[in-house]
Amino acid sequence: MDINQIETPCYVLEEKLLRRNLSLIKSVKERSGVNIILAFKAFALWKAFPIVREYIPCSTASSIHEARLAFEEMGSLAHTYSPAYTDKDFPQILKYSSHITFNSLSQFDYFYPAVLRSGRKVSCGIRINPEYSAVETDLYNPCAPGSRLGITADLLPDLLPEGIEGLHFHTLCESTSYELEETLDVVEKRFGKYLQQVKWLNMGGGHLMTRQGYDVEHLIRVLKAFREKHPHLELIMEPGSAFAWQTGFLLASVVDVVENHGIKTAIVDVSFTCHMPDCLEMPYKPAIRGAVEPDGHRPVYRIGGNSCLSGDFMGDWCFEHELHVGDKIIFEDMIHYTIVKTNMFNGIPHPGIALWTQDDTLVVWRRFGYEDYKNRMA
């Protein structure tokens, strides 16, 4: 790939790598007998959906717009969950959904009559909170004390209300099959009697089965064993990051190099807060191609974003040579939870979006300009 032909800044999705992930996910689906669907909250790049549909035909939505996107661009009805539905949005949620999960019994009681009146075959469920999660970062832990997400076992009646056909939990984040196994044990202990009352169990997302070192064979054994214990249940998984994990990069250019108290900062034409917000929220230090941790021998640079937020920087990295204006910087693995979370703070231009095809051709899907910013502001 000749990166010099790519105008920066630009997100570049690599088709070969996407298909590699999709092949693995489809294999897990077929071997385990579990329904696996795409979670838009991590990857909603709809221009790529024709590729995705070759392997996985369905998706999950968390809002009215995601549900509509599922219908229009995936060509299927969504499995929809939201922490709260509104009177304004719910008719459209009904229109675009095959499954609707409610976050509370009060929301189910309020909206279920509308489901009945619609005459549509929509399967309703409730989200449960097992009060157990291996996620260590509170920002991403749906089972933290006082969480607003899901119903704890002590708040459920012995018999689920009529019309509830499924249970949904989401407790994982870039997690392993062993953490799923532990979670399923807790779910069985706390919600076992309810598993006999429903038709499906949605195990949410966070199953990072495409990460190197993930024990796929163990995952399949866990899923098969659970199905054997509960043969009446349809099992559903809705990973997001796993689909787009390590399938592309964000390409940037160095626009200036500044120095303060001996710290050299290479300012690039992208922003962490605008274009890579998880780096600051998680936080985590992204990988830069060709750069390594400071070793005391090679040139060291902090990388600064081009917004006026003082904390819009990451560092430090060692490079093989001194950085100069015009040098390209490749931020690895920047397709999942980046494009879906970009913002226009400071009026910073959005990176373009492109596909590097299997036959090594660059296809630019979108460039953003002033009108995109202006129209968003009013």
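Reading the values: rules and limits
- What you see as residue numbers is a count from 1 along each chain, following the sequence as written.
- Only residues with pLDDT of at least 70 get local features here, since the model is predicted, and only at 80 or more are side-chain atom pairs given and counted; chain-wide, interface and lining totals rely on the full set of residues.
- Hydrogen atoms and water are omitted, and side-chain values are computed over all heavy atoms in the structure.
- Here a strand is any run of E in DSSP of at least two residues, a helix any run of H or I of at least four, and the numbering for each starts at the N terminus.
- Salt bridges are defined as contacts in which a side-chain nitrogen from Lys or Arg sits within 4 Å of a carboxyl oxygen from Asp or Glu.
- For every residue, the accessible area obtained with a 1.4 Å probe (protein chains only) is divided by the maximum for its type, and the residue is called buried under 20%, exposed over 50%, and partly exposed between those limits.
- Strands qualify as paired when DSSP identifies two bridges or more between them.
- The path from the first strand over the helix to the second decides the hand: if it runs clockwise while the strands point away from the viewer, the crossover is right-handed.
- When the centres of two rings from Phe, Tyr and Trp lie within 6.5 Å, Trp using its six-membered ring, the rings pair. Their planes under 30 degrees apart give stacked, over 60 give edge-to-face, and anything left gives tilted.

Undergrad: Before we move on, could you go through the environment of L155 and cite the residues and values that matter?
TA: In this structure, L155 sits in the loop between β7 (123-127) and β8 (164-168). Taking C-alpha positions, L155 is 10 Å from N129, a pair spaced 26 residues apart along the chain.

Undergrad: Now, about the pattern of salt bridges: what can you tell me, with residues and values included?
TA: A complete count under the given rule lists 17 salt bridges for this structure. A salt bridge links K229 to E188; the shortest N-O distance between them is 2.9 Å. Of the two residues, K229 sits in helix α7 (residues 216-229) while E188 sits in helix α6 (residues 177-195), which places them 41 residues apart along the sequence. With its nearest N and O atoms 2.9 Å apart, the salt bridge here joins E281 to K341. Here E281 is found in helix α10 (residues 277-281), whereas its partner K341 is found in the loop between β15 (328-332) and β16 (352-356), with 60 residues between them in sequence. E281 sits in the partly exposed class, given a relative accessible area of 36%. For K341, a relative accessible area of 26% corresponds to the partly exposed category. Through salt bridges with shared partners, a single ionic network connects E15, R19 and E54.

Undergrad: Kindly report on the pairing of strand β10 (residues 234-237), identifying the contributing residues and their values.
TA: Pairing analysis gives two bridges linking strand β2 (residues 35-36) to β10, with the strands arranged parallel. Looking at the pairing, I36 lines up with M237 of β10. Remark: the strand β9 (residues 200-202)/α7/β10 crossover connection has right-handed handedness.

Undergrad: So what's going on with the sheet that holds strand β5 (residues 78-81)? Residues and values would help.
TA: Strands sit in the order β2-β10-β9-β8-β7-β6-β5-β4-β3 across an open sheet of nine strands; the sheet is parallel. Each edge of the open sheet is held by one strand with a lone partner, namely β2 and β3 (38-39). Pairing of β5 with strand β6 (residues 97-102), which is carried by four bridges, proceeds in the parallel orientation. What sits directly across from H79, in β6, is H99.

Undergrad: I'd like to hear about the packing of aromatic side chains, residue by residue, with values.
TA: Scanning all chains against the criterion turns up 13 aromatic pairs. On the basis of an interplanar angle of 80° and a centroid distance of 6.3 Å, the ring pair of Y85 and F111 is categorised as edge-to-face. Here the residue Y85 occupies a position in the loop between β5 and α4 (90-96), and F111 occupies one in helix α5 (residues 105-118), the gap between them amounting to 26 residues. For the pair shown, Y85 and F111 are each scored as buried.

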